[in-house]
Amino acid sequence: MTKQFHDHVLGDPALDQLFREARSYNGWVDKDVTEEQIRIIYDLLKMGPTSANMQPARLVWCKSKEAKEKLAEFASDANKKKILTAPLCVIIGYDIDFHEELPWLFPHTDARSWFEGDVEGRIKGAARNSALQGAYLMLAARAIGLDCGPMSGIALDKVTEAFFADKPMYRADWICSIGYGDASTIFDRSPRPEFDKFNRID
Ligand SMILES: Cc1cc2nc3c(=O)[nH]c(=O)nc-3n(C[C@H](O)[C@H](O)[C@H](O)COP(=O)(O)O)c2cc1C
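Residues numbered from 1 in each chain as written. Predicted model: local features only at pLDDT ≥ 70, side-chain atom pairs only at ≥ 80, totals over all residues.

1. Considering the overall build of the protein chain
At step 1: Tallying secondary structure elements over the protein chain gives 9 helices and 4 strands in all.
At step 2: The C-alpha atoms of the protein chain give a radius of gyration of 18 Å, which matches the 17 Å a tight globule of 202 residues would have.
At step 3: Reported as C-alpha extents along the three principal axes, the dimensions of the protein chain are approximately 50 × 45 × 40 Å.
At step 4: Put simply, the protein chain has 202 residues, and 32% of those count as buried.
At step 5: For the protein chain, the proportion of contacts with a sequence separation of at least 24, taken over those separated by at least 6, is 81%. (Helix = DSSP H or I, 4+ residues; strand = E, 2+ residues; numbered from the N terminus. Rg over C-alpha atoms; globule rule 2.2 N^0.38 Å. Buried ≥ 20, exposed ≤ 12 C-beta atoms within 10 Å, placed from the backbone. Contact = placed C-beta atoms within 7 Å.)

Put into structure tokens, the structure is as follows:
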């Protein structure tokens, strides 16, 4: 039966785990993330909304030592270790030609034609929606008890070249280490603005 009402509010432990106590980690305890966990994260994140269900994210889950070394080579010095010591580091890329998949991803209308010939619009849409998918990824990972360490301090052109050589319309956009965070590797929480600082209700 279709669920009609969302009357179940998550309790404080879930909200703490997803948001209030979740941190961006710089270091990791020595505990593996399994392929099963990777697939669970993906099966959750893919349910998050994207424009016209475009699903533009193209993810490379760097789990092997070789893959992490290949990735870390392009990272800033400070970020290298945050990749190499993590059990997993995900490349969040996007496909500028995501529209080619729309006939099956958004089958009830001809959404492919909305994007044909508009490369600039497609880049904008792919970047926006793949970033959303990356956010769903972090929340999914946190929901199953893992921690995240998002990073953009890496030569993204080089990552694109090295990991998407056979996909000329894919672009790497940022990366995210995933594992069990080592609490000794984080600073105090940086301030978060109160509602009135950057919001208004019209
Ligand atoms: C897209 C993105 C890029 C980031 N790039 C880096 C990075 O290159 N190196 C790094 O150490 N932290 C990076 N961070 C981590 C942020 O500094 C961190 O998420 C922020 O300060 C909030 O920290 P908290 O989650 O522990 O409160 C990045 C975060 C995001 C979301």
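2. A closer look at unusual backbone geometry
At step 1: The phi angle at Asn-53 is positive, at roughly 50°, despite the residue not being glycine.
At step 2: Residue placement: Asn-53 occurs in the loop between α2 (35-45) and β1 (57-62).
At step 3: On the basis of neighbour counts, which here come to 15 C-beta atoms within 10 Å, the residue Asn-53 falls in the partly exposed class.
At step 4: With phi around 45°, Gln-55 is a residue other than glycine that occupies positive phi space.
At step 5: By secondary structure assignment, the location of Gln-55 is in the loop between α2 and β1.

3. Here we look at helix α3 (residues 65-72)
For an α-helix, 3.6 residues make a turn, and residues three or four places apart therefore share a direction.
At step 1: Within α3, the full set of buried residues consists of Lys-68, Leu-71 and Ala-72. The arc that holds every buried residue of α3, seen down its axis, measures 95°, which confines them to one face.
At step 2: Those residues of α3 that are buried are in contact with β1, α4 (77-84), β2 (88-95), α8 (156-163) and β4 (170-179). (Arc of directions from axis to C-beta.)

4. Notes on the site of the ligand
At step 1: Lining the immediate surroundings of the ligand are Arg-23, Ser-24, Asn-26, Asn-79, Pro-150, Met-151, Ser-152, Gly-153, Trp-174, Ile-186, Arg-189 and Ser-190.
At step 2: Grouping the amino acids of the shell around the ligand by side-chain chemistry returns 4 nonpolar, 6 polar and 2 charged. (Near = placed C-beta within 6 Å. Nonpolar A, V, L, I, M, F, W, Y, C, P; charged D, E, K, R; others polar.)

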